[in-house]
Amino acid sequence: AERAAPQNVTLEKAGWEKWLKTLGPHSFSGEFSDFHRDIWEWYWPLTEKQRSSEPMDLEDLTYLAIWGRGLGKSTNAEWMAIAEGCLVGKGFVLYVSGTAEQAEAHVEAIRERIETEGALSATYKGMQKPEMGEHKKGKGAAYGWRQDYLMTSNGWAVRPVGLDKAIRGWKRGDTRVSLIILDDIDDDDDSPEVILKKERRIAKKI
């Protein structure tokens, strides 16, 4: 398995901070604040539980990051999605925003990180773009490498979901959703009716 590579295991044992700074130096060039540490110290152990198929309750699985603008919420959320593909090696992430355009922008940012961070693709080769062609088809080749759906060669995938459009296509083959990220849900100009509609769509559809 990909995770068995010695460099992967050594880096993962060093912890989330070393892992992020090594694989995402353009995203994590400064120091982590206490709230950054808190969310990663919550998420990092969950990846190990996913790998070993340990049971997790709803309280373990839910985290609210109520941060102000400019504090790196989206950057950390996007890297959590990437971390699932690297550390767990599988999964189907829904990246949910108020509009499809916003959600697609986040998935595009994830794709750019995968494509431009050399240490990431070198360490986790399964996180690369699926090879296409008659004799070279990665696990994601049948699904594509697009703005509205991103699947790496190891089978991990992320899909953008906008609350302004009909929500469908929850499964990818036999793989169910393993992580839901809610980001950029609200807007300063949202009326009470719009807020209620979004709440209902999250509660009933997601």
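Residues numbered from 1 in each chain as written. Predicted model: local features only at pLDDT ≥ 70, side-chain atom pairs only at ≥ 80, totals over all residues. Heavy atoms only, no water.

Engineer: How do you make sense of the sheet that holds strand E2 (residues 145-146) when you look at a structure like this?
Structural biologist: Paired through their backbone hydrogen bonds, the strands of a sheet run either parallel or antiparallel. Spatially, E2-E3-E4-E1-E5 is the arrangement adopted by the five strands of the open sheet, whose pairing is mixed. Pairing within the sheet leaves two strands with one partner each, and these edge strands are E2 and strand E5 (179-182). Most of the contacts of helix H6 (residues 100-116) go to strand E4 (residues 157-162), to which it runs at about 155°, and overall it touches strand E1 (92-97), E2, strand E3 (149-151) and E4. (Pairing = 2+ DSSP bridges. Helix = DSSP H or I, 4+ residues; strand = E, 2+ residues; numbered from the N terminus. Contact = heavy atoms within 4.5 Å. Axes fitted to C-alpha atoms, helices over the stretch in contact; angles between N-to-C directions.)

Engineer: What is the right way to look at the layout of surface pockets in this model?
Structural biologist: Any empty space left between atoms is shown by rolling a water-sized probe over those atoms. If you add up the space inside the largest pocket, you get close to 1200 Å³. In terms of lining residues, the largest pocket is bounded by 37 residues, among which Tyr 63, Leu 64, Ala 65, Ile 181 and Leu 182 are the most central. At the level of secondary structure, the elements contributing two or more residues to the lining of the largest pocket comprise helix H3 (34-51), helix H4 (58-61), helix H5 (73-88) and E5. The dominant element in the lining of the largest pocket, judged by the number of residues it contributes, is H5, at six residues. In the lining of the largest pocket, the residues fall into 22 nonpolar, nine polar and six charged. (1 Å grid on protein atoms, 1.4 Å probe; cavity = no way out; pocket = protein on both sides within 12 Å on 5 of 7 lines; lining within 4 Å. Points joined across faces, edges and corners; volume = space filled by probe spheres on them. Nonpolar A, V, L, I, M, F, W, Y, C, P; charged D, E, K, R; others polar.)

Engineer: I would appreciate a short explanation of the packing of aromatic side chains in the present structure.
Structural biologist: Two numbers describe a pair of aromatic rings. These are the distance of the centres and the angle of the planes. Going through the model one piece at a time under the given rule, you end up with twelve aromatic pairs. Judged by centre distance (4.9 Å) and plane angle (75°), the rings of Trp 16 and Phe 32 are edge-to-face. Here Trp 16 is found in helix H2 (residues 16-23), whereas its partner Phe 32 is found in the loop between H2 and H3, with 16 residues between them in sequence. Side by side, Trp 16 and Phe 32 carry an identical accessibility label, which is buried. When the centroid spacing of 6.4 Å and the interplanar angle of 15° are considered together, the rings of Trp 16 and Trp 40 count as stacked. Highlighted residues: Trp 16 in helix H2 and Trp 40 in helix H3, separated in sequence by 24 residues. Of the two residues examined, Trp 16 and Trp 40, each falls in the buried class. Cluster of aromatic residues (ring-pair linked, three or more members): Trp 16, Trp 19, Phe 28, Phe 32, Trp 40, Trp 42, Tyr 43, Trp 44, Tyr 63, Trp 79 and Tyr 124. (Phe/Tyr/Trp six-rings, centres within 6.5 Å; stacked < 30°, edge-to-face > 60°. Buried < 20%, exposed > 50% of the residue type's maximum accessible area, 1.4 Å probe, protein only.)

Engineer: Help me out: how do you make sense of the pattern of salt bridges in this one?
Structural biologist: Note on pairing: side chains with opposite charge can pair once their charged atoms come close. If you walk through the whole model with that rule in mind, you get seven salt bridges. For Arg 51, the salt bridge goes to Glu 48, with nearest N and O atoms at 2.2 Å. Residue Arg 51 and its partner Glu 48 are both found in helix H3; the two are separated by three residues, about one turn of the helix. With a relative accessible area of 27%, Arg 51 lands in the partly exposed category. Measuring nitrogen to oxygen at the nearest pair gives 2.8 Å for the salt bridge that ties Asp 190 to Lys 198. (Salt bridge = Lys/Arg side-chain N within 4 Å of Asp/Glu carboxyl O.)

Engineer: Could you clarify how one ought to interpret the side chain of Asp 190 in this entry?
Structural biologist: Tracing the backbone shows Asp 190 in the loop between E5 and helix H8 (192-205). A polar contact of 3.0 Å, which involves the side chain of Asp 190, links it to the backbone nitrogen of Asp 187. Of note is the side chain of Asp 190, whose polar atom sits 2.8 Å from the side chain of Lys 198. With residues up to four places along the chain from it excluded, the contact list for Asp 190 reads Ile 185, Ile 195 and Lys 198. (Polar contact = N/O pair within 3.5 Å; in protein donor to acceptor, adjacent residues only side chain to side chain.)

Engineer: Any chance you could explain a negative patch on the surface here in plain terms?
Structural biologist: Residues Asp 186, Asp 187, Asp 188 and Asp 189 make up a contiguous surface patch of negative charge. Mapped onto the elements, Asp 186 comes out in the loop between E5 and H8. (Patch = residues over 30% accessible without salt bridge, like charges linked within 9 Å, V, L, I, M, F, W, Y side chains within 5 Å. Areas by Shrake-Rupley, 256 points an atom, 1.4 Å probe, with all protein chains shown as cover. Lys, Arg positive; Asp, Glu negative; His and termini not counted. Charge placed at Lys NZ, Arg CZ, Asp CG, Glu CD.)

Engineer: Whenever I open this one, the nonpolar core confuses me. Can you help?
Structural biologist: As a rule of thumb, soluble globular proteins bury nonpolar side chains together. Residues Trp 19, Trp 40, Trp 79, Ile 110 and Ile 114 are the most contacted members of the largest nonpolar core, which totals 34 residues. Elements supplying a minimum of two residues to this core: H2, H3, H5, E1, H6 and E5. It is H5 that provides the largest number of residues to this core, a total of eight residues. Once residues lying within four places of it in the same chain are set aside, the contact partners of Ile 110 are Glu 78, Ala 81, Ile 82, Tyr 95, Leu 150, Trp 156 and Val 158. In this structure, Phe 92, Val 96, Tyr 149 and Val 161 belong to the second largest nonpolar core, which totals ten residues. (Core = buried A, V, L, I, M, F, W, Y, C linked by side-chain atoms within 4.5 Å.)

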